[in-house]
Protein chains: 2
Amino acid sequence: MDPSQVEIPPLKDLTIENITENVHLINSRCPNPRLKYLMKSLVKHVHDFARETRLSTDEWMAAIQFLTQVGQICTDVRQEFILLSDVIGLSLLVDSIDHPKPASSTEGTVLGPFHTHDAMTESNGGTLSHDPDGEPCLVICTVKDTSGKPIPGAKIDIWETDSKGFYDVQYAGRQEPDGRAVMQSDDEGNFWFNAIVPVPYPIPHDGPIGKLLKLLKRHPYRPSHMHFMFDKPGYDHLITALYLRGDPYETSDAVFGVKESLIVDLKTVTPKQAKEYGVAEGCRLLTYDFVLVSDEEARSLREKEAMTAMEKLGLRMKLLDGLPVPDVD
Amino acid sequence: MDPSQVEIPPLKDLTIENITENVHLINSRCPNPRLKYLMKSLVKHVHDFARETRLSTDEWMAAIQFLTQVGQICTDVRQEFILLSDVIGLSLLVDSIDHPKPASSTEGTVLGPFHTHDAMTESNGGTLSHDPDGEPCLVICTVKDTSGKPIPGAKIDIWETDSKGFYDVQYAGRQEPDGRAVMQSDDEGNFWFNAIVPVPYPIPHDGPIGKLLKLLKRHPYRPSHMHFMFDKPGYDHLITALYLRGDPYETSDAVFGVKESLIVDLKTVTPKQAKEYGVAEGCRLLTYDFVLVSDEEARSLREKEAMTAMEKLGLRMKLLDGLPVPDVD
């Protein structure tokens, strides 16, 4: 930005009391009303945090170093900032705000840092996990809309850890994806595949987030679960997961993701199912009926909830591309 | 942390409304009361930010990617998180909170990301900048306490850019420090050295912070200044800078650092001074009398301001090592 092009209010002698309004003022030239509002809210909260805690220079420097470490440990296959967002409950909160669910639909939950874009495509009956030490588990699911109508051709991303509790990307020298697949629901909205029984595992805790959890006396474990992500034009993107009932971490998930409606009872295939799906007798069985919300239903609910929330906060807002911005005439 | 050692409240079915209190609950086992309070305030503000803005998943992901880029561009000689803190006014705010100044003392300002620990030690009359293109400037200063008594033996870190507006560390292949020095005040509290006239310069804007400023239609320039940092046992650490009056960016510093009391009028040495200090006639002259606050004065003022601020916020707090924590009996 050429400085001569910017007309700036005089900023000098800023104090604990007046700095916030002055930062707002200089940011108020932002031509994007949504970014302007995000920055205003962010600056207010960051400054209020410092004022409410009387943040010291040493603490500020510790935070700078912590965030730098979080950034520097990130790689193509490790996202420590998502982990940070997860362990402070932000990820679940954002999903809840952005993907509101009518009572009849499948709830969402945290994406986590381990989704990748390179999973193999599998047909029904395909194999998700090739871990020979995993306990085989047949997964049979349906995907329908809120009126009970099957949704064919939905793209479904599924991923889980191996039997040791590690995702493929956590192994150095990973050659190709495993424990993950992309599938499509068939004409009746069915999809099924061969996986392994999910196991509990710790989120990566050898980095700065692990250190933070230790200082907070929190454990890093997630209860056994399998991730599912649904994409189908006309339907709201669904990021969710299924959790096994009775897991030791069922009520203490390090990333706050467990919802009662997503907890499943693991069963065993019947002899008939074993034959029908070509799995061994005694194979474990996980079944679930997913319900997607239409884009229209989701948009309408999201906007209604946004406006209600803004009114409750006493903010006079309007929606721009579905997101609140100040309503200035 | 061994999970079996942690007694955790049941966390399940968390919503937009109840997630904050539940994150507080799981963090409430933190044995360090100050860290516990910092986390509680941080989580509250981060969640409120998401709720007030109805933060979308796309925006959340853009923020994750932005922070990752900020972390990844950091090196031993580039600190982009400090830059981020600077451009949102947090750095100046934290300095103001942590280093309150009685009216009679020298005000503090932002540290910036360019202080290093490898500057050469120079004696009085030494040379700070070896840039042949810089306009020579003799700098003559004193350092005293609030009663006017000279402070001998204060360690003074001084750093400035070269004539092109770059710090030494911004050059690839930097062999040794330049444009920086560590000095000591003499028995009368005097120190003087040969520098160059500071020039305005942009903060590094080829990274994510530069992109952010561009989106906000803000210029990246800092007015001409020279950094000073004072260390002397018994006195509050002073991070400050002197600014040249009349600089085009005097009232629009990208990092909010300018204070009227730190603006100086550049003079020219008298023939007598030129002879006395061994500089050319017509050499520019910068003079300043720094006033340090004693540790005791600073601590007392900091604690008084902290308690007043906490009372204003309606928070019932006590001080622990000088910093507020909730006063729970």
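An unreviewed UniProt entry lists chain A under the name Cathecol 1,2-dioxygenase, with Aureobasidium namibiae CBS 147.97 given as the organism. Recorded in UniProt for chain A, the comment headed Cofactor (unreviewed entry) runs: "Fe(3+)". Under Sequence similarities (unreviewed entry), UniProt gives the following word-for-word description of chain A: "Belongs to the intradiol ring-cleavage dioxygenase family."

Draft legend 1. The arrangement of the UniProt feature "domain: Intradiol ring-cleavage dioxygenases" (unreviewed entry) in chain A in detail. Here, the residues flagged by UniProt with the feature "domain: Intradiol ring-cleavage dioxygenases" (unreviewed entry) are residues 113-292 of chain A. End C-alpha to end C-alpha, residues 113-292 of chain A measures 23 Å, and it is 8% helix and 34% strand.

Draft legend 2. Just the side chain of Gln 79 of chain B, in detail. Mapping Gln 79 of chain B onto the fold places it in the loop between helix H3 (57-73) and helix H4 (80-87). Of the polar contacts made by the side chain of Gln 79 of chain B, one reaches the side chain of Thr 68 of chain A; its length is 2.8 Å. At 3.2 Å, the side chain of Gln 79 of chain B and the backbone nitrogen of Ile 82 of chain B are in polar contact. Filtering out sequence-adjacent residues up to four positions away, Gln 79 of chain B remains in contact with Ile 64 and Thr 68 of chain A together with Cys 74 and Pro 113 of chain B.

Draft legend 3. Just the packing of aromatic side chains, in detail. Residue and element names in this part refer to chain B. For the coordinates displayed, the defined rule picks out 29 aromatic pairs over all chains. Both rings, one in Trp 192 and one in Tyr 277, keep their centres 5.6 Å apart while their planes meet at 80°; by these two values the pair is edge-to-face. Highlighted residues: Trp 192 in strand E6 (residues 190-196) and Tyr 277 in helix H7 (residues 271-277), separated in sequence by 85 residues. Take Trp 192: its relative accessible area is 24%, and that puts it in the partly exposed class. Classification of Tyr 277 as partly exposed rests on a relative accessible area of 22%.

Draft legend 4. Seen up close, unusual backbone geometry. Residue and element names in this part refer to chain B. Its identity is not glycine, yet Asp 13 carries a phi of approximately 55°, on the positive side. Looking at the element boundaries, Asp 13 is found in the segment before helix H1 (19-27). A positive phi is found at Lys 217, a non-glycine position, where the angle reads about 55°. Within the secondary structure, Lys 217 sits in the loop between helix H6 (208-215) and strand E8 (221-222).

Draft legend 5. Representation of the side chain of His 99 of chain B in the model. If you trace the backbone, His 99 of chain B turns up in the loop between helix H5 (90-98) and strand E1 (120-121). Polar contacts involving the side chain of His 99 of chain B include one to the main-chain carbonyl oxygen of His 237 of chain B, which spans 3.3 Å. Apart from residues no more than four positions distant in its own chain, His 99 of chain B is found in contact with Thr 57 of chain A together with Asp 236 and His 237 of chain B.

Draft legend 6. Inspection of the layout of surface pockets at higher detail. By volume, the second largest pocket is sized at about 850 Å³. Met 61 and Gln 65 of chain A together with Leu 111, His 115 and His 117 of chain B are the residues nearest the centre of the second largest pocket, which is lined by 42 residues in total. Of all the secondary structure elements, the ones that give two or more residues to the lining of the second largest pocket are helix H3 (57-73) of chain A together with strand E4 (155-159), strand E9 (225-231) and helix H8 (295-312) of chain B. In terms of residue class, the lining of the second largest pocket is built from 15 nonpolar, 14 polar and 13 charged. Of the residues that make up the lining of the second largest pocket, three or more belong to each of domain 2 (80-293) and domain 3 (303-329) of chain B.

Draft legend 7. Geometry of the interface of chain A and chain B. The interface is formed by 92 residues belonging to chain A together with 92 residues belonging to chain B. Taken together, the two surfaces of chain A and chain B that pack against each other cover about 8700 Å², and 69% of this comes from carbon and sulfur. Our count for the contact surface shared by chain A and chain B stands at 10 salt bridges. Where chain A packs against chain B, one counts 35 residue pairs in polar contact (both at pLDDT 80 or more). Taken together, the elements giving at least two residues each to the side of chain A that touches chain B come down to helix H1 (19-27), helix H2 (33-53), H3, helix H4 (80-87), helix H5 (90-98), helix H6 (208-215), helix H8 (295-312) and strand E15 (323-326) of chain A. A per-element tally of the side of chain A that touches chain B places H2 of chain A first, with 18 residues. Of the residues that constitute the side of chain A that touches chain B, the class distribution is 54 nonpolar, 20 polar and 18 charged.

What counts and how
- Residues numbered from 1 in each chain as written.
- Chains lettered and ligands numbered in written order.
- Predicted model: local features only at pLDDT ≥ 70, side-chain atom pairs only at ≥ 80, totals over all residues.
- Heavy atoms only, no water.
- UniProt positions renumbered as here; feature names shortened; annotations may be inferred.
- Helix = DSSP H or I, 4+ residues; strand = E, 2+ residues; numbered from the N terminus.
- Polar contact = N/O pair within 3.5 Å; in protein donor to acceptor, adjacent residues only side chain to side chain.
- Contact = heavy atoms within 4.5 Å.
- Phe/Tyr/Trp six-rings, centres within 6.5 Å; stacked < 30°, edge-to-face > 60°.
- Buried < 20%, exposed > 50% of the residue type's maximum accessible area, 1.4 Å probe, protein only.
- 1 Å grid on protein atoms, 1.4 Å probe; cavity = no way out; pocket = protein on both sides within 12 Å on 5 of 7 lines; lining within 4 Å.
- Points joined across faces, edges and corners; volume = space filled by probe spheres on them.
- Nonpolar A, V, L, I, M, F, W, Y, C, P; charged D, E, K, R; others polar.
- Domains from an automatic or database assignment.
- Buried area = accessible area lost by both parts, 1.4 Å probe.
- Salt bridge = Lys/Arg side-chain N within 4 Å of Asp/Glu carboxyl O.

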